[in-house]
Amino acid sequence: MFTHLAHKHVLIGLTGGIACYKIAELIRRLRDAGATVDVVMTESATQFITPVTLQALSGRPVYMDLWDARPNDNMAHIHLSRDADVILIAPASTNFIAKLAQGLCDDLLSTLCIARGNKALLVAPAMNKEMWAHPATQRNIQCLIQDGVTILGPGCGDQACGEFGDGRMLEAHQLLTALDTHFAPKLLANKQVVITAGPTLEPIDPVRVLTNRSSGKMGYALADAAAKAGAHVTLISGPVSLTTPAGVQRINVETAAQMHETVMQHMDQCEVFIAVAAVSDWRVTQPSTQKLKKTTHTEAPILHFSVNPDILAEVAARPQPPYCVGFAAETEHLLEYASQKRQRKGIPLLVANLAQEAMDKDHSQLVLIDDQGSTTWPSQSKQDSAQALISHIAQQLTPSP
Ligand code: C5P
């Protein structure tokens, strides 16, 4: 999931709040993703989690004091802000947000924020719902937004004080996603992208369906990568057990007919259409309205099928089609069948893979087929494949002069 954090230098500033405990997990995950993490704490933050814990997890000295003598020139606020690729304040207390909005510098963390120059500053507020709702806090948040600061959250839910409402700091994985998104190149900035994913279900009767083994992993990885690349992503998904990637609008459907109708409703603004769903080719012509009973059907029932609409071919045949990408999972003759499919559907790019190696798996080996022929990519995680494919699609939209 987090492919843009390798070799990045993240400075995390903790201020006073019970949400400090979430930062221990965040630091671990950042290091797993290949990032270097510096930690700066306010005095209040040390009431909630110890510098020793965060030093052990980050593997680097933790800073708290403006007058820290460890840097030779005694200017920790300059070195820490210069070394960082991004600064994240999490948790950001009401008081610290007020200080940031005012430009106050009375400790190491507030001083390095003011000294940061054009370094990106992300702020994850964490406070009681009344403190968050207070007009002063809201005014300060607006000031920070005007100053170019990115506000992450807060979330809504149970609060440590026993109340319920807005003000919960985002979870570690949400902060990780926000940092990863921050570093992703914005190759599809503001593009409207529609992606289909997952299987479809075709009812036989109210309890039985025809479906396939698609897990939706590739489609969801593409939706995630496209959103991180700055696109507005609509994900039209058959039933899967995956979480919706951050920033993606997901619409759940079941049958091919529902997927077809939903896709068509989203085509007017669409600039890129990526059809990853394993759409059922046929549907039962007349599903039974009641459960078929073994006792009344002593013989096995005979099902009659109708052909489902080919969503991708129909989109590609529009007078002004979006850039269309199809997927083909074949069990044999991969190149031959996939090339024929590209021609038949009239699309510029078809991505082929072997069904037995890709369906429900975490890795895939993609073969890209376009006007120029075919290119086989190395086997890699679906996240890496998705990111590479989004870069490739972005290049097709803006061909080099
Ligand atoms: O025709 P076939 O299912 O082999 O083609 C696969 C590609 O076409 C995939 O991109 C799939 O999402 C899309 N497709 C579709 N509507 C269908 C069948 C397939 O959009 N009814």
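Residues numbered from 1 in each chain as written. Predicted model: local features only at pLDDT ≥ 70, side-chain atom pairs only at ≥ 80, totals over all residues. Heavy atoms only, no water.

Under an unreviewed UniProt entry, the name given to the protein is Coenzyme A biosynthesis bifunctional protein CoaBC, and the source organism is Candidatus Paenalcaligenes intestinipullorum.

What's the story with the sheet that holds strand β4 (residues 86–92) in this structure? I'm lost.
Whether parallel or antiparallel, the strands of a sheet pair through hydrogen bonds between backbone atoms. Reading across the sheet, the six strands line up as β3-β2-β1-β4-β5-β6 and stay open at both edges, with parallel pairing between neighbours. Of all strands in the sheet, those bounded by a partner on one side alone are β3 (62–63) and β6 (150–151). Bridge count between strand β2 (residues 36–41) and β3: two bridges; the pairing is parallel. If you follow valine 40 over to β3, its bridge partner there is tyrosine 63. (Pairing = 2+ DSSP bridges. Helix = DSSP H or I, 4+ residues; strand = E, 2+ residues; numbered from the N terminus.)

So what exactly am I meant to see when it comes to the site of the ligand here?
Near the ligand you find 13 residues, and of these Ala275, Ala277, Pro309, Lys341 and Lys345 are the closest. Contacts to the ligand include phenylalanine 327, whose backbone N or O atom sits 2.8 Å from an oxygen atom. One of the side-chain N or O atoms of lysine 345 is found 2.8 Å from an oxygen atom in the ligand. Calculation on the ligand without its partners gives an accessible area of 440 Å², and the protein chains cover 87% of this total. The set of elements that each furnish at least two residues to the shell around the ligand consists of α11 (311–316), β17 (323–330) and α12 (334–345). In the shell around the ligand, the residues fall into eight nonpolar, one polar and four charged. (Near = heavy atom within 4 Å. Polar contact = N/O pair within 3.5 Å; in protein donor to acceptor, adjacent residues only side chain to side chain. Areas by Shrake-Rupley, 256 points an atom, 1.4 Å probe, with all protein chains shown as cover. Nonpolar A, V, L, I, M, F, W, Y, C, P; charged D, E, K, R; others polar.)

Could you clarify how one ought to interpret the pattern of salt bridges in this entry?
Where side chains of opposite charge bring their charged atoms close, a pairing between them can arise. Enumeration according to the criterion identifies 17 salt bridges in this entry. Note that aspartate 107 is salt-bridged to lysine 99, the shortest N-O span being 3.3 Å. Aspartate 310 serves as the salt-bridge partner of lysine 345, at 2.6 Å between the closest nitrogen and oxygen. Within this pair, whereas lysine 345 is found in helix α12, its partner aspartate 310 is found in the loop between β16 (305–307) and α11, the two being separated by 35 residues in sequence. Residue classification places aspartate 310 among the partly exposed residues on the basis of a relative accessible area of 36%. By sharing partners, the salt bridges in this structure join Lys22, Arg168 and Glu171 into a single network. (Salt bridge = Lys/Arg side-chain N within 4 Å of Asp/Glu carboxyl O. Buried < 20%, exposed > 50% of the residue type's maximum accessible area, 1.4 Å probe, protein only.)

How should the nonpolar core be read in this particular structure?
Soluble globular proteins tend to pack their nonpolar side chains together in the buried interior. Among the nonpolar cores identified, the biggest contains 35 residues, and Ile12, Leu14, Ile23, Leu26, Leu30 and Leu175 are the most heavily contacted of them. Those elements giving two or more residues to this core turn out to be β1 (9–14), α1 (21–32), β2, β4, β5 (120–125) and α8 (172–183). Element by element, the count of residues in this core is highest for α8, at six residues. Those residues in contact with leucine 30, other than ones at most four positions away along the chain, are Leu5, Val10, Ile12, Ala35, Val37, Leu176 and Leu179. Leu188, Val193, Ala229 and Ala394 belong to the second largest nonpolar core, which has 34 residues in total. (Core = buried A, V, L, I, M, F, W, Y, C linked by side-chain atoms within 4.5 Å. Contact = heavy atoms within 4.5 Å.)

Any chance you could explain the environment of proline 185 here in plain terms?
For proline 185, the location among the structural elements is in the loop between α8 and β9 (192–197). The sequence separation of proline 185 and lysine 228 amounts to 43 residues, and the corresponding C-alpha distance is 7.9 Å. Residues in contact with proline 185, not counting those within four places in the same chain, are His4, Lys228 and Ala229.

Would you explain the state of the cysteines in this entry?
Formally, a disulfide is one covalent bond, and it connects the sulfur atom of one cysteine to the sulfur atom of another. Under the criterion given, the structure shown has zero disulfides. Of all cysteine sulfurs in the structure, the one in cysteine 113 sits closest to cysteine 105, which takes part in no disulfide; the separation is 8.9 Å. (Disulfide = S-S within 2.5 Å.)

I tried to follow the sheet that holds strand β14 (residues 272–275) on my own but got confused; where do I start?
Strand order in the open sheet made by the eight strands is β13-β12-β9-β14-β17-β18-β20-β21, with mixed pairing throughout. For this open sheet the edge positions go to β13 (248–252) and β21 (373–376), each flanked by a neighbour on one side alone. For this sheet the average axis-to-axis angle between neighbouring strands, irrespective of direction, equals 20°. Bridge count between strand β18 (residues 349–354) and strand β20 (residues 367–370): three bridges; the pairing is antiparallel. For valine 351, the partnering residue across the bridge sits in β20 and is leucine 368. Set on the sheet, helix α14 (residues 382–397) makes contact with β14, β17, β18 and β20; between it and β17 the angle comes to about 140°. (Axes fitted to C-alpha atoms, helices over the stretch in contact; angles between N-to-C directions.)

Whenever I open this one, unusual backbone geometry confuses me. Can you help?
Trans is the prevailing form of peptide bonds, just as negative phi is the prevailing case for residues other than glycine. In this structure, proline 91 follows alanine 90 across a cis peptide bond, with omega equal to -5°. Inspection of the secondary structure puts proline 91 in strand β4. In this structure, the amide linkage connecting glycine 153 to the following residue, proline 154, adopts the cis form with an omega of 0°. Position of proline 154 among the secondary structure elements: in the loop between β6 and β7 (155–158). Not every positive phi belongs to a glycine, and histidine 333 is a case in point at roughly 45°.

How do you make sense of a nonpolar patch on the surface when you look at a structure like this?
On the surface, Trp282, Leu303, Phe305 and Val307 cluster together into a nonpolar patch covering about 420 Å² of accessible area. Within the secondary structure, tryptophan 282 sits in strand β15 (residues 282–284). (Patch = residues over 30% accessible without salt bridge, like charges linked within 9 Å, V, L, I, M, F, W, Y side chains within 5 Å.)

What is the right way to read the packing of helix α4 (residues 94–102) against helix α7 (residues 135–146) from this model?
A pair of packed helices is characterised by two quantities: the angle between their axes and the separation of those axes. Direction vectors running N to C along α4 and α7 enclose 50°, while the axes themselves pass 9 Å from each other. Taken as axis vectors, α4 and α7 run oblique relative to one another. Considering only the axes of α4 and α7, their crossing is left-handed. Contacts between α4 and α7 involve Thr94, Ile97, Ala98, Leu100 and Ala101 on the former and, on the latter, Thr137, Asn140, Ile141, Cys143 and Leu144. Tallied by class, the residues present in the contact of α4 with α7 amount to seven nonpolar, three polar and no charged. (Parallel < 35°, antiparallel > 145°, perpendicular 65-115°, else oblique. Left-handed = near helix turned anticlockwise from the far one by under 90°.)

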